[in-house]
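Coordinate inspection notes
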Amino acid sequence: MFEIKYRDALGRIGILDINGKKIETPTIMPVIHPNPKKQVVPIDFIKKLTDIIITNSYITYITKSLRELALKVGIHKLIGFDKVIVTDSGSFQLGTYGDVKVSPREIIEFQEKIGVDVGTILDIPTPPDVEKEKAEKDLEETLRRAKEAIELKREKNFKMLLNGTIQGSTYLELRQRAAREMAKLNFDIYPIGAVVPLMESYRFKEVAEIIINSKMNLPTNKPVHLFGCGHPMLFALAVALGCDLFDSAAYILYAKDDRYLTERGTLSLEELKDLKSFPCSCPICSQYTPKELYQLEKKERERILAEHNLYVTFEEMNRIKEAIKNGSLWELVEERVRAHPKLLEAYRVLKNYMYYIERFDPVIKKTAFFYSGVESLFRPEVYRHKKRLKRIKYEKVYITTVSKDIERPYSENLNVKETDVDILIKHPIFGYIPYYIDTIYPLSQHEAPELYDFEKEINKKFQEEFLEFLKKKGVKVLNIVEYNYYINSIGKFNSDSFRIKRMLEYQYGYDIIKDKKIKVVRSKNTGRLRQVLDENDNILFSVRSHDNLLIPSKLGAKLLWENIPFPKYRVVVNKEAEPFIREGRNVFAKFVIDCDEDIRPYEEVLVVNEDDDLLGYGTAILNGIEMKEFSTGLAVKVRGGIKCVE
Ligand code: GUN
Ligand code: ZN
């Protein structure tokens with residue numbers, strides 16, 4: 001069972017429950033040799049870093065002494081690790097030697113017998129670029145073995161969880177098919193397989209496309225493991241694409257070759273040895289100078305280098321988790337992909353999948369949107385804004401520019417005379433920013449340098465298309481000169497109700513205010529909007545200070561419910577949950593029976609029963625797809641419940 005705690009991009013900090021042992025994701029499973037004598041790094045060192053490791057059941061199976069011991073004392077005692085042990089199946093050996101001396105069924109049974117926590121099917125890792133017929137044939141066999149394994153688990157009531165690997169070589173439609181078929185079998189974890197050769201040859205764009213095409217067809221409530229990905233430079237991008245688990249043999253393999261991992265790439269000890277100190281402050285690098293390490297004898301050097309490699313591997317994962325919690329994962333990805341042009345190429349391909357990625361990206365983040373280059377123009381926040389611009393019911397529009405010396409938000413620093421005109425300010429990142437909504441995240445909460453002309457050109461096409469869209473709708477469009485000149489000629493004016501109408505339209509897609517009379521409350525210190533009241537001074541909405549979204553009160557929620565048609569913004573819960581929600585308790589995923597699929601994470605939503613009676617209101621933690629698929633964890637953090645009599 002898996003639940004989401006924090007999220008950003010497609011990445012999530014989750015809790016994975018493996019038969020009562022809880023693991024926080026995203027995380028890395030160090031690869032450990034099943035033979036304690038062959039472990040490069042002592043298991044006590046590993047234990048301090050992680051709650052989950054991966055080892056090989058096939059090596060255990062074919063080595064007589066290991067097999068007998070594993071069958072007798074179990075894999076945990078054999079290795080000396082009592083937390084979660086995942087095993088691979090021999091597929092890697094199958095891929096390398098073309099053959100293994102065990103049947104798919106035997107290796108599944110063996111993994112259960114030796115007490116592993118998560119076993120793996122004997123999938124066929126089809127290499128890149130093979131003939132499509134070969135990839136299809138291999139995939140059919142992997143799917144057959146997958147069915148066999150799941151049936152075996154069910155028949156014999158196996159306790160271990162099962163990995164169902166996605167194959168399909170470099171054929172995206174085969175990866176999609178593999179994901180769809182494997183999803184039907186209800187595996188516990190979905191590894192994405194056979195990407196090692198692609199990563200070794202820096203074909204990161206293909207890896208990214210394989211991940212997305214698999215993700216799009218997998219259930220959102222199951223963790224995804226990127227098989228064989230242990231280089232920390234790839235983690236940020238892979239997590240942002242929704243990978244939850246990684247395994248690292250890299251920490252040993254690189255150490256054997258005297259290579260030193262960093263989050264930006266690999267260095268050789270040979271190159272480093274003339275530096276006074278290492279570019280890292282882990283306990284290893286603080287203790288040795290590069291020269292000292294270089295001069296150690298091979299075996300010891302290997303172990304010590306492997307320990308550094310593990311430290312940076314975990315450090316990068318911790319940094320990624322921090323970024324998820326902070327809402328700055330895209331910023332971290334944009335830093336990391338600049339470490340290698342092939343990574344940048346992989347990042348650039350995401351543009352083609354933004355329609356999918358955007359559905360998972362939170363509508364608000366704790367940190368501002370930082371522009372780090374043209375790629376930022378295609379981020380989900382920008383994509384979403386351009387879609388949501390079309391939600392506003394424009395009648396008459398002024399297109400204008402604002403001079404650089406006027407500070408954002410414009411709606412707080414400029415005064416507009418008209419009460420019924422939309423002013424669209426041309427913007428090099430967001431295309432257009434409507435004057436009345438420009439306090440909303442990220443329209444004011446972004447930082448960017450002065451863009452080059454060629455970067456500004458990128459939005460020209462969108463701007464033209466948007467004008468066409470307006471004209472087709474019969475909207476009157478006028479171009480006016482830079483707004484500050486225009487402003488100077490007019491006086492102060494209040495158009496609050498029009499502004500609130502627009503903010504709500506942008507946030508929810510509907511006219512919520514209609515002809516209702518409203519008032520606003522402003523901050524005495526800053527003059528900024530704080531609350532929206534009805535005629536009788538009851539609070540309808542609060543303006544949340546960091547993102548300026550309109551957060552409904554009970555009356556506000558009722559107003560939303562009256563003016564937004566079912567099923568939009570609705571989360572439908574079962575009868576059992578109804579009294580709890582009315583009391584103001586949270587909505588857990590297991591109570592959700594239906595919902596608006598277009599709900600985005602952290603949007604304000606309405607909780608209703610099957611008759612669309614309003615039960616409560618709150619913040620969606622899951623998006624509309626996840627709400628239907630998850631069965632554990634929080635779905636909506638409820639702000640307030642609505643009693644029957646109200
Ligand atoms: N380790 C690296 N790649 C793979 C793969 O495709 N399948 C399995 N089972 N293990 C792997
Ligand atoms: Zn170090």
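Residues numbered from 1 in each chain as written. Chains lettered and ligands numbered in written order. Predicted model: local features only at pLDDT ≥ 70, side-chain atom pairs only at ≥ 80, totals over all residues. Heavy atoms only, no water.

Applicable threshold: UniProt positions are given in the numbering used here, feature names are shortened, and annotations may be inferred rather than shown by experiment.
You'll find the chain entered in an unreviewed UniProt entry as tRNA-guanine(15) transglycosylase, with Methanocaldococcus infernus given as the organism. For the record of the chain, the UniProt heading Pathway (unreviewed entry) holds the text "tRNA modification; archaeosine-tRNA biosynthesis." Note on the chain: under the UniProt heading Catalytic activity (unreviewed entry), the record states "guanosine(15) in tRNA + 7-cyano-7-carbaguanine = 7-cyano-7-carbaguanosine(15) in tRNA + guanine".

1. Some thoughts on the overall build of the chain
Put simply, the test is: Only DSSP runs of H or I with at least four residues qualify as helices, and only runs of E with at least two residues qualify as strands; both kinds are numbered from the N terminus onward. Accessibility here uses a 1.4 Å probe with only protein chains present; expressed as a share of the type maximum, an area under 20% marks a residue as buried, one over 50% as exposed, and anything in between as partly exposed. Pairs of residues are marked as contacts when any of their non-hydrogen atoms sit within 4.5 Å.
On a plain count of helices and strands, the chain comes out with 28 helices and 29 strands. Along the three orthogonal principal directions, the C-alpha set of the chain runs to about 85 × 65 × 50 Å. Each of the 646 residues in the chain was classed as buried or not, and the buried ones make up 60%. Once local pairs closer than 6 in sequence are excluded, the contacts in the chain between residues at least 24 apart make up 69%.

2. Brief notes about the coordination of the zinc ion (ligand 2)
As a reminder, the rule being used: Coordinating donors are taken as N, O and S atoms within 2.8 Å of the metal, stretched to 3.2 Å for Na, K and Ca; because water is absent from the atoms, sites can appear incomplete. The rule is simple: four donors are tetrahedral if all their angles sit between 85 and 135 degrees, four are square planar and six octahedral if opposite donors span more than 155 degrees and the others lie between 65 and 115, and anything that fits none of that is irregular.
Within the protein, the atoms that donate to the zinc ion (ligand 2) are Cys280 (SG), Cys282 (SG), Cys285 (SG) and His308 (ND1), at distances of 2.1 to 2.3 Å. One way to put it: the four donor atoms around the zinc ion (ligand 2) meet at angles of 97 to 116 degrees, and that makes the site tetrahedral.

3. Some thoughts on the site of ligand 1
Heads up, the condition is: To be near a molecule or strand, a residue needs just one of its heavy atoms within 4 Å of it. Definition of a polar contact: a pair of N or O atoms within 3.5 Å, with one able to donate and the other able to accept a hydrogen when the atoms are protein atoms, and with sequence-neighbouring residues admitted only if both atoms are side-chain atoms. Each accessible area value is a Shrake-Rupley result obtained with a 1.4 Å probe; residue values ignore everything except the protein chains displayed when judging cover. Gly is put with the polar residues, along with every residue not named as nonpolar or charged; the nonpolar set is Ala, Val, Leu, Ile, Met, Phe, Trp, Tyr, Cys and Pro, and the charged set is Asp, Glu, Lys and Arg.
Surrounding ligand 1, one finds Asp88, Ser89, Ser91, Thr120, Asp123, Pro125, Gln167, Gly193, Ala194, Val196 and Phe227. Serine 91 places a side-chain nitrogen or oxygen 3.3 Å from a nitrogen atom of ligand 1. Protein coverage of the free-state accessible area of ligand 1, which is 280 Å², stands at 93%. Looking at side-chain class alone, the shell around ligand 1 contains four nonpolar, five polar and two charged residues.

4. Regarding unusual backbone geometry
That bond from tyrosine 441 to proline 442 is cis: its omega, 0 degrees, falls within 30 degrees of zero. Assignment of secondary structure puts proline 442 in the loop between β17 (431-434) and β18 (446-447). Of note, the bond from phenylalanine 566 into proline 567 is cis; its omega dihedral lies within 30 degrees of zero at 5 degrees. Counting through the fold element by element, proline 567 comes out in the loop between α26 (554-563) and β24 (570-573). Positive phi, close to 50 degrees, is recorded for alanine 9, a residue that is not glycine. Relative to the helices and strands, alanine 9 is located in the loop between β1 (2-8) and β2 (11-18). Of the residues examined, alanine 9 reaches a relative accessible area of 0% and is grouped as buried.

5. Topic: the nonpolar core
Definition in use: Within this scheme, the nonpolar core is defined by two criteria: the residues are buried Ala, Val, Leu, Ile, Met, Phe, Trp, Tyr or Cys, and they are joined through side-chain atoms within 4.5 Å.
Core analysis: the largest hydrophobic core is formed by 118 residues, its most contacted members being Phe246 and Leu350. In terms of residues, this core owes the most to one element, helix α16 (residues 298-326), which gives 10 residues. Residues contacting phenylalanine 246, with those up to four places away along its chain left out, are Thr27, Ile28, Met29, His225, Leu226, Cys229, Phe235, Ala238, Val239 and Met317. Counting residues in each nonpolar core, the second largest holds 92 residues, with Ile4, Leu470, Leu559 and Tyr602 among its members.

6. Some thoughts on the pairing of strand β21 (residues 529-534)
Successive side chains on a regular strand alternate, one facing one side of the sheet and the next facing the other. The condition that has to hold: In this scheme, strands are said to pair when DSSP sees at least two bridges between them.
Note that strand β20 (residues 518-522) and β21 share five bridges and pair antiparallel. Across the sheet, residue lysine 519 finds its bridge partner in β21, namely leucine 533. The loop that links β20 with its antiparallel partner β21 comprises six residues; one of these, glycine 527, has a positive phi angle of about 80 degrees. By the bridge criterion, three bridges tie β21 to strand β22 (residues 539-543) in an arrangement that is antiparallel. Paired with leucine 533 across the bridge in β22 is isoleucine 539.

7. Remarks on helix α8 (residues 172-185)
Applied cut-off: By definition here, a helix of n residues has an expected span of 1.5 Å times n minus one.
Here α8 contains 14 residues, and its C-alpha end-to-end distance of 20 Å stays within 8% of the 20 Å for a straight helix at 1.5 Å per residue. Looking at the packing, one finds that the buried side of α8 touches α7 (132-155), β9 (190-192) and α10 (204-215). A positive backbone phi angle near 60 degrees is found at asparagine 186, which sits one or two residues after α8.

8. Some points on the pattern of salt bridges
We count it as follows: When a carboxyl oxygen of Asp or Glu lies within 4 Å of a side-chain nitrogen of Lys or Arg, that pair is called a salt bridge.
By the definition in use, this model includes 60 salt bridges. One salt bridge connects lysine 460 with glutamate 457, and the closest N-O pair in it is separated by 3.2 Å. A salt bridge links glutamate 578 to lysine 575; its shortest N-O distance comes to 3.7 Å. Where salt bridges share partners, they join Asp8, Glu331, Glu334, Asp361, Lys365, Arg379 and Glu381 into one cluster.

9. A few points about the sheet that holds strand β10 (residues 224-226)
Quick reminder of the rule: Orientation is described by axes fitted as lines to C-alpha atoms, over the contacting stretch for helices, and by angles from 0 to 180 degrees between their N-to-C directions.
Read from one edge of the open sheet, four strands run β4-β11-β10-β9, paired in parallel fashion. A strand with exactly one partner marks an edge of an open sheet, and here the two such strands are β4 (27-30) and β9. Taking each pair of neighbouring strands and ignoring which way they run, the sheet shows an average axis angle of 30 degrees. Relative to strand β11 (residues 245-248), β10 runs parallel, the two sharing two bridges. Bridge assignment links histidine 225 to a residue of β11, and that residue is leucine 245.

10. Quick notes on the packing of aromatic side chains
Definition in use: Each aromatic pair joins two rings of Phe, Tyr and Trp (for Trp, the six-membered one) with centres within 6.5 Å, and gets the label stacked for planes under 30 degrees apart, edge-to-face for over 60, and tilted for any other angle. A ring is considered to have a charge above it if a Lys NZ or an Arg CZ atom is located within 6 Å of its centre and within 35 degrees of its normal.
The tally for this structure, following the rule as stated, stands at 19 aromatic pairs. Ring centres of phenylalanine 235 and phenylalanine 246 lie 4.9 Å apart, and the angle between their planes is 45 degrees; on these two criteria the pair is classed as tilted. Placement of the pair is phenylalanine 235 in helix α11 (residues 232-240) and phenylalanine 246 in strand β11, with a sequence separation of 11 residues. Both residues of the pair, phenylalanine 235 and phenylalanine 246, belong to the buried class. The aromatic ring of tyrosine 61 is capped on one face by arginine 67, whose charged end is 5.6 Å from the ring centroid. Lying over the aromatic face of tyrosine 294, lysine 273 brings its terminal NZ or CZ to 5.1 Å of the ring centre.

11. Here we look at the UniProt feature "binding site: Zn(2+)" (unreviewed entry) in the chain
Following the UniProt record, the feature "binding site: Zn(2+)" (unreviewed entry) maps to Cys280, Cys282 and Cys285 here. Assignment of secondary structure puts cysteine 282 in the loop between α13 (269-272) and α14 (283-287). For cysteine 282, the residues in contact, after removing those within four places along its chain, are His308 and Tyr311. Those residues in contact with cysteine 285 that sit more than four places away from it in its chain are Tyr260, Phe278, Cys280 and His308.

12. A few points about the sheet that holds strand β19 (residues 476-479)
Here four strands make up an open sheet; going across it, the order is β17-β16-β15-β19 and the pairing mixed. The two strands at the open ends of the sheet, each matched to only one other strand, are β17 and β19. Ignoring strand direction, the axes of neighbouring strands in this sheet form an average angle of 30 degrees. Across the sheet, helix α23 (residues 460-472) touches β15 (396-400), β16 (422-427), β17 and β19, and the angle it forms with β17 is around 55 degrees.

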